[in-house]
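Working through the structure, step by step
Below, each chain spelled out in residue letters.
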Amino acid sequence: MGLALETLKGKEIEISQEEEEAAIIAILLHDIGHGPFSHSLEHTLVQGVSHEHISSLIMNEMNEVFGGKLSLAIDIFKGQYHKRFLHQLVSSQLDTDRMDYLNRDSFFTGVSEGVISFDRIIKMLNVADNGLVVEQKGIYSIEKFLIARRLMYWQVYLHKTVLSAEQMLIKILQRAKELTDKGEAVFATPDLAHFINNTVTAEDFLRDKIHLDLFTRLDDTDVLSTIKIGVKHADTVLSKLCEQFMERKLYHVELSNNMPTKERIDDLRQAAIDLFDVSEEDVHYFVFTQSVENSAYDLSEGSINILMKDGSIQDITTASDLSNLEMLAKKVKKFMVAYPKELR
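How each quantity is defined
Residues numbered from 1 in each chain as written. Predicted model: local features only at pLDDT ≥ 70, side-chain atom pairs only at ≥ 80, totals over all residues. Heavy atoms only, no water. Helix = DSSP H or I, 4+ residues; strand = E, 2+ residues; numbered from the N terminus. Buried < 20%, exposed > 50% of the residue type's maximum accessible area, 1.4 Å probe, protein only. Lys, Arg positive; Asp, Glu negative; His and termini not counted. Charge placed at Lys NZ, Arg CZ, Asp CG, Glu CD. Axes fitted to C-alpha atoms, helices over the stretch in contact; angles between N-to-C directions. Parallel < 35°, antiparallel > 145°, perpendicular 65-115°, else oblique. Contact = heavy atoms within 4.5 Å. Nonpolar A, V, L, I, M, F, W, Y, C, P; charged D, E, K, R; others polar. Patch = residues over 30% accessible without salt bridge, like charges linked within 9 Å, V, L, I, M, F, W, Y side chains within 5 Å. Areas by Shrake-Rupley, 256 points an atom, 1.4 Å probe, with all protein chains shown as cover. Salt bridge = Lys/Arg side-chain N within 4 Å of Asp/Glu carboxyl O. Pairing = 2+ DSSP bridges.

**A short note on the overall build of the protein chain**
Per the secondary structure count, the protein chain includes 16 helices and seven strands. In terms of overall dimensions, the protein chain has C-alpha extents of about 70 × 50 × 30 Å along its principal axes. For the protein chain, with 344 residues in total, the buried portion stands at 51%. Across the protein chain, 37 positive and 54 negative side-chain charges occur, with their mean positions spaced 4 Å apart.

Below you can see the structure in the form of structure tokens.
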């Protein structure tokens, strides 16, 4: 973010010291609302509440503590500040967060296809009509960025092992909630117990600050403690889920372009009932389907605009001479079926 702001100022884009500080605060805090295991448990611990919404609530709380000094950063974060390009640096198709995590995740996973020339892209940034644009000579770097994003999603973020681990985490918490709703005790740290024992919604966060206070205390350790102790729980479903997760016996995942047939799912479910001695009512914890979709370039989130040499502005899909770039804007949908490897 600092490099992007310096680049724009070097091109005589008017950015005050106050705006620069606010933009850096906004990018530092934009993901502060993530709960344990990041995106995996979003909408699971709390009902229908995104991490962006929680980030906003936390920033508002901090603003009170700092006597209103975060007001400009919050306006930039929410896209309410008149200099639209500052918000686009925080959240857009080409924000500084995406440029950062593609390289970082590529490095830590060893997937070299995710490496992008973020410094080259940043040096090509400019502002036109109050919006963020990329100068024409940066087109090839943007093409590589979009292709890298697509490859990283299918090779890392939506990898079958990732999907399996995420879904097992979700199923464990769902079962824990179901048991506590029936009056059965499930071990949890006091902070996590609050969200397992209660259905907390966006309205609840606004009504009582205790929910936000407890949520900010949560981390991965709270969830892992419940899973570790859950291995010995009397409930067969919870015990089996926790045991397989702790021993990393993750579910087998099949991805295809077509929804698996009802006969296929019924056969897998019957096999799970026979093997694990669970009821038809509970077999969905062991065999389940889901759809996953991704597009490297989501037009609903805005455009990546190219500033052409003649001063016109074009969307990257029309400015690029890559014939397949428009395909990156189309959502790719795949269907998943997951089940314990013992059923293979």
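**Here we look at the packing of helix α9 (residues 160-181) against helix α10 (residues 190-197)**
Between α9 and α10, whose axes approach to 9 Å, the crossing angle comes to 75°. Viewed along their axes, α9 and α10 adopt a mutual orientation that is roughly perpendicular. Two secondary-structure elements touch here, α9 through Leu173, Ala176, Lys177 and Thr180 and α10 through Phe195, Ile196 and Asn197. By residue class, the composition of the contact of α9 with α10 is four nonpolar, two polar and one charged.

**Considering a positive patch on the surface**
Judged by side-chain charge, Arg120, Lys123, Lys137 and Lys309 come together as a positively charged surface patch. Given the relative accessible area of 76%, Lys309 is considered exposed.

**A short note on the pattern of salt bridges**
The tally for this structure, following the rule as stated, stands at 20 salt bridges. A salt bridge links Arg175 to Asp235, with the shortest nitrogen-to-oxygen separation between them at 2.8 Å. Remark: Asp235 occurs in the loop between α13 (220-230) and α14 (236-246) and Arg175 occurs in helix α9; sequence separation between them is 60 residues. Comparing Arg175 with Asp235 shows no difference in burial state: the two are buried. Arg217 is the salt-bridge partner of Asp191, the closest N and O atoms lying 3.5 Å from each other. Here Asp191, found in helix α10, pairs with Arg217, found in helix α12 (residues 210-217); they are 26 residues apart in sequence, far enough to count as distant. Looking at Asp191, the relative accessible area reads 14%, which means it is buried. Relative accessible area serves as the criterion here: at 46%, Arg217 is assigned to the partly exposed category. Connected through shared salt-bridge partners, Arg175, Glu178, Lys182, Asp235 and Asp282 make up one network.

**Considering the sheet that holds strand β3 (residues 252-256)**
Pairing is antiparallel across the open sheet formed by three strands, whose spatial order is β3-β7-β4. The strands lining the two open edges of the sheet, one partner per strand, are β3 and β4 (288-294). Across this sheet, the average inter-strand angle for adjacent strands is 25°, counted without regard to direction. One ladder, built from five bridges, connects β3 with strand β7 (residues 332-339); its direction is antiparallel. Bridging from a neighbouring strand, Glu254 pairs with Val337 of β7. Strand contacts of helix α15 (residues 262-276): β3, β4 and β7, with the helix running at about 25° to β7, the strand carrying the most contacts.

**A closer look at the side chain of Asp235**
According to the relative accessible area criterion, Asp235 is buried, its value standing at 12%. Setting aside anything within four residues of it in sequence, one finds Asp235 in contact with Arg175 and Leu179.

**With respect to the sheet that holds strand β5 (residues 305-307)**
Across the sheet, which stays open at both edges, the four strands sit in the order β1-β2-β5-β6 with mixed pairing between neighbours. The strands lining the two open edges of the sheet, one partner per strand, are β1 (125-128) and β6 (313-315). Strand-to-strand twist in this sheet, taken as the mean axis angle between neighbours without regard to direction, amounts to 45°. Where β1 and strand β2 (residues 131-135) come together, four bridges link them in antiparallel fashion. For Leu125, the partnering residue across the bridge sits in β2 and is Val134.

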